[in-house]
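# Geometric and topological summary
One letter stands for each residue in the lines below.
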Amino acid sequence: MAATTTSAARLTRRLASPRCTSVRCAVRNVACAKQVHWRREGWTVAPTTKRGTVRVFAEQGKGSSGAMEKATQPTKPKTEITIYFALWYAFNIVFNILNKSTLNVFPFPWFMSTVQLACGVVWMLGLWMLKLHPVPKINKAFLLALAPVALFHTVGHVSACVSFSKVAVSFTHVIKSSEPVFSVVLSGLLVGDRFSLPVWLSLVPIVTGCSLAAIKELNFDMAGLNGALVSNVGMVLRNIFSKKSLNDFKEIDGINLYALISIVSLIYLTPVAFFVEGAQWSAGWAAATASTGLSRTLGLIFASGLFYHLYNQVSYQALTGISPVTFSVGNTMKRVAVIGSSIAFFKNPVSPLNAVGSIVAIIGTFLYSQAKELEAKKKPKAA
């Protein structure tokens, strides 16, 4: 009886706690108390990793079936979303132009991939040291789960950079728009996922468009095509293993997760880059600085690395608090913007059939995202 009275008193004190003033708590009258889970009226409220977001779980036997309720995620103001989208697009366009410009002068994609990851690592170390972003708390289990994700991220990143060094930016992005094809096939083989007929049908224009673009690409290079295809495989495997291995570590927010992936990827990539290209760097550096100048060469390299990290970081901020439909439209239009801007900047010749193939492939990518969204909406009903 005494124990019951004590528990009731503790619960009363908790419910009487003042409103939480933390920016991380989006539910009033609930004291988050530094990430400690509190119980109130049969609900458990747990702050998530995203700012201003709280996940609410229904308690078993408290007027609920015990299933997890839908996440409560406050919508960002339209002005803030617009700014993030504008920065996401701008940083991505600038990165692609800087990256290709640098590779035209210093054609060593393994070196560039390493520098780009290193710039992101230095950037995040600065944010953590200046306390501008919370330092993630990690353990051995997390690192073991992160290892394969970072490995496939490394493969996807360096392969894309190899492709950029061999062919036009626009062609690489058209081929990378075929990523959904690899996602459907590999998810089915490795995870056993099953997809609806609309999803499979949406792959037809993607494959058709990419094939047309490759056939009529005026500056076609097999190494460039293979690099883009391998990049697709790497990124799809990264996503599959991330979903499979990292779901239990939701306390790591998106920006920190990407930073930690970059750190491990840098560890993977640095020795391999030295092995593959290291012997050529000295002669290549001498040629680049002789033709372009030391300061301009250095500026291109490090600006490319900085914008590589910035567009990835801003993408996490842009995509937080928006619907999957908004994401799919934004991602499709981003690819259109990158392809269009790169063609205009580098004045790459584009044949009519190549242009048609690019448009068809991008439309197919958009249709795929819409089919996936429709499939996701139908699953709860079927269950």
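Residues numbered from 1 in each chain as written. Predicted model: local features only at pLDDT ≥ 70, side-chain atom pairs only at ≥ 80, totals over all residues. Heavy atoms only, no water.

## Here's the deal with the overall build of the protein
Keep this limit in mind: Counting from the N terminus, the helices are the DSSP runs of H or I reaching at least four residues and the strands are the DSSP runs of E reaching at least two. Think of it in three bands: residues with accessible area under 20% of the maximum for their type are buried, residues over 50% are exposed, and the middle band is partly exposed, with areas taken using a 1.4 Å probe on protein chains only. Only heavy atoms matter for contacts: two residues are in contact if any of them lie within 4.5 Å across the pair. Method for areas: the Shrake-Rupley scheme with a 1.4 Å probe, in which residue coverage is limited to the protein chains shown.
Along the backbone of the protein there are 12 helices and 3 strands. Looking at the protein as a whole, 45% of its 383 residues qualify as buried. Within the protein, residue pairs in contact and separated by at least 24 positions form 79% of the contacts whose partners lie at least 6 positions apart. Carbon and sulfur atoms make up 66% of the accessible area of the protein, which totals about 20300 Å².

## A closer look at a nonpolar patch on the surface
Selection criterion: Only residues whose relative accessible area exceeds 30% and that form no salt bridge are eligible for patches; like-charged ones are grouped when within 9 Å, while nonpolar side chains (Val, Leu, Ile, Met, Phe, Trp, Tyr) are grouped when within 5 Å. One speaks of a salt bridge when a side-chain nitrogen belonging to Lys or Arg is within 4 Å of a carboxyl oxygen belonging to Asp or Glu.
Judged by side-chain polarity, L125, M129, L130 and L132 come together as a nonpolar surface patch covering roughly 480 Å² of accessible area. Along the chain, the position of L125 falls in helix α3 (residues 109-129).

## Regarding the packing of aromatic side chains
The condition that has to hold: Between 30 and 60 degrees the pair is tilted, below 30 it is stacked and above 60 it is edge-to-face, where a pair is any two Phe, Tyr or Trp rings, Trp via its six-membered ring, whose centres lie within 6.5 Å.
Within this structure, the stated rule accounts for 16 aromatic pairs. Ring centres 5.7 Å apart and planes at 70° place the aromatic pair W88 and Y89 in the edge-to-face group. Taken as a pair, W88 and Y89 share a single burial class, namely buried. Ring centres of Y308 and Y311 lie 6.0 Å apart, and the angle between their planes is 85°; this geometry places the pair in the edge-to-face category. With a gap of 3 residues between them, Y308 and Y311 both fall in helix α10 (residues 294-318), about one helical turn apart.

## Looking at the confidence of the model for the protein
Low pLDDT marks stretches whose predicted atomic positions should not be read closely. Heads up, the condition is: The predictor reports its confidence for every residue as pLDDT, a score running from 0 up to 100.
The predicted model of the protein averages 79 in pLDDT, with 76% of residues at 70 or higher. Note on residues 11-73: pLDDT under 50 across the span, and 89 contacts to partners over four residues away in sequence or across chains.

## Section: the packing of helix α5 (residues 169-176) against helix α7 (residues 197-215)
Stated precisely, the cut-off is as follows: Simply put, an axis is a line fit to the C-alpha atoms, just over the touching stretch for a helix, and the angle between two N-to-C directions goes from 0 to 180 degrees. Working definition: roughly parallel below 35 degrees, roughly antiparallel above 145 degrees, roughly perpendicular at 65 to 115 degrees, and oblique for all remaining angles. Note: crossing handedness is left-handed where the near helix turns anticlockwise from the far helix by less than a right angle, and right-handed where it turns clockwise. Classes in brief: Ala, Val, Leu, Ile, Met, Phe, Trp, Tyr, Cys and Pro nonpolar; Asp, Glu, Lys and Arg charged; the others, Gly included, polar.
In contact at an axis separation of 9 Å, α5 and α7 are set at 155° when each is read in the N-to-C sense. Classified by the angle between their axes, α5 and α7 sit roughly antiparallel to one another. Crossing of α5 over α7 shows left-handed handedness. Contact with α5, carried on its side by F171, V174 and I175, involves C210, A213 and A214 of α7 and no other residues of that element. Among the residues making up the contact of α5 with α7, the classes are represented as 6 nonpolar, no polar and no charged.

## Thoughts on the pattern of salt bridges
Summed over all chains, the structure comprises 1 salt bridge. Across the pair K372 and E375 runs a salt bridge whose closest N-O atoms are separated by 4.0 Å. Of the two residues, K372 and E375 are both situated in helix α12 (residues 352-382); the distance of 3 residues between them amounts to about one turn of the helix. The class of K372 is partly exposed, set by a relative accessible area of 29%.

## Observations concerning the packing of helix α6 (residues 179-190) against α7
Where α6 meets α7, the closest approach of the two axes is 9 Å, and the angle between their N-to-C directions is 140°. Between α6 and α7, the crossing angle belongs to the class labelled oblique. α6 and α7 meet at a crossing whose hand is left-handed. Two secondary-structure elements touch here, α6 through P180, V181 and V184 and α7 through V199, W200, L203, I206 and V207. A per-class count over the contact of α6 with α7 returns 8 nonpolar, no polar and no charged.

## Section: the side chain of S163
Examined against the element boundaries, S163 turns out to sit in helix α4 (residues 140-166). You can call S163 buried: its relative accessible area is 0%. Discounting residues that sit within four places of it in the chain, S163 has contacts with T172, G224, G227 and A228.

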